[in-house]
Amino acid sequence: MQQTPIVFNRPYMTGKELYYIAEAHFGGMLAGDGPFTKRCNAWLEQKTGSSKALLTHSCTAALEMMPLLLDIKAGDEVIMPSFTFVSTANAFVLRGATPVFVDIREDTLNIDERLIEDAITERTKAIVPVHYAGVSCEMDTILQIAKKHGVAVVEDAAQGVMSSYKGQALGSIGHLGAYSFHETKNVISGEGGALLVNDSALAMRAEIIREKGTDRSRFFRGQVDKYTWQEVGSSFLPGEVMAAFLWAQLEEAERITQRRMQCWNYYHEIFAPLETEGLLRRPIIPEHCTHNAHMYYILLESTKNRTDVLSKLKDAGINAVFHYIPLHSSPAGRQFGRVQGELAMTIKQSECLIRLPLWVELGIGEQEYILKTLKKILNDTTKI
Ligand SMILES: *Cc1c(COP(=O)(O)O)cnc(C)c1O
């Protein structure tokens, strides 16, 4: 038995966070859109190629800005996977829209682009690809379908910071994209997020919606001599303390990704024999996708009892977790959503998935202990 339990996630600090927070403190500018927010926005624009990046206080907030920007209203429909985090759906349900859940692909667990077209009705306003584990959805096909039917593509790229699809940064491919800097993600600020506005026609309104529906951003730039209420909006911007923390992380984003990738690659290597033995399936990364090592998951053979495996791992001091309870099967999902087809793959994969500990300072010894323990559990677990 491992001496101290291996935690599922340990937030990594670069060491400069407090230094930049002190700089914000002594600078005396603590509200949003100060120097650190500007620096972070510029970094995101430069890194992703998006024409406008705006920090938000969470990815949830960035997602909530999307229906406002696209004028999505009660009765409209938005296509998304059921295999995702609640915020993907909530953001649109808040405006009275209906999430239409489509099944996922067997390999990447991302929305199955081949099933999207059948879900489109005259009420459809947007498609929301969610890039699970920082691995891209099939964006070319999704963009083609959207164009053909005149609907928007908005990316839930919460897990996709530093990932790309055919060389293009996730979040920068659709009309809009949302990033998360929550402490469970790769690059963090506790709570935090960003909206990428890739369609420049939406840029001005994005600023207004984020600033309580006012043109305060233009006022601060000296483009108008007073600011007023322009349209429906809310407060979606973070304060400078959060932005200062995030800046320390963005500066190191490359190195954070590299170090996570070492852990990911090591898992992938040592789990290969277990896959050959038929005990589990490892993640599949399509050739044209560059991922960010956000997550290492395994898919158990469906005859294994996942709850049992998780509890045995816990007894051995390994904190592994599952993901997600599909939204269409949850109380709110049933109330607010609509299901397209059977969602058989969503149900199957969500019941077999285990996420393993993955964080920057996770050691090779710990990974080997996880391998050894899991191998024993899977060999011992009697088949049903
Ligand atoms: C983490 C996550 C979110 C929410 O991010 P917050 O920053 O916590 O609001 C939304 N969607 C997906 C797919 C996520 O993984």
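Residues numbered from 1 in each chain as written. Predicted model: local features only at pLDDT ≥ 70, side-chain atom pairs only at ≥ 80, totals over all residues. Heavy atoms only, no water.

The name an unreviewed UniProt entry assigns to the protein is dTDP-4-amino-4,6-dideoxygalactose transaminase, from the organism Desulfovibrio litoralis DSM 11393. Listed in UniProt under the heading Sequence similarities (unreviewed entry), the comment for the protein reads: "Belongs to the DegT/DnrJ/EryC1 family." (UniProt positions renumbered as here; feature names shortened; annotations may be inferred.)

## Some points on the UniProt feature "modified residue: N6-(pyridoxal phosphate)lysine" (unreviewed entry) in the protein
With numbering aligned to this structure, UniProt lists the feature "modified residue: N6-(pyridoxal phosphate)lysine" (unreviewed entry) at Lys185. Mapping Lys185 onto the fold places it in the loop between strand E8 (176-180) and strand E9 (193-197). Relative accessible area serves as the criterion here: at 16%, Lys185 is assigned to the buried category. Lys185 has contacts with Ala158, Gln159, Ser180, Arg260 and His294, leaving out every residue within four places of it along the chain. (Helix = DSSP H or I, 4+ residues; strand = E, 2+ residues; numbered from the N terminus. Buried < 20%, exposed > 50% of the residue type's maximum accessible area, 1.4 Å probe, protein only. Contact = heavy atoms within 4.5 Å.)

## Here we look at the environment of Asp308
The residue Asp308 is located in helix H11 (residues 306-315) in this model. Distance from Asp308 to Ile377, taken between C-alpha atoms, is 9.3 Å for residues 69 residues apart in sequence.

## Examining the pattern of salt bridges
With the rule as written, the count across this model stands at 23 salt bridges. Across the salt bridge formed by Lys125 and Asp76, the nearest N and O atoms sit 3.0 Å from each other. Pair noted here: Lys125 is in strand E4 (residues 124-127) and Asp76 is in the loop between helix H3 (59-69) and strand E2 (77-81), with a separation of 49 residues, a long-range link. Judged by relative accessible area, Asp76 falls into the buried class, the value being 9%. Among the ionic pairs, Arg105 bridges to Asp107, the shortest N-O distance being 2.8 Å. For the pair shown, Arg105 and Asp107 are each scored as buried. (Salt bridge = Lys/Arg side-chain N within 4 Å of Asp/Glu carboxyl O.)

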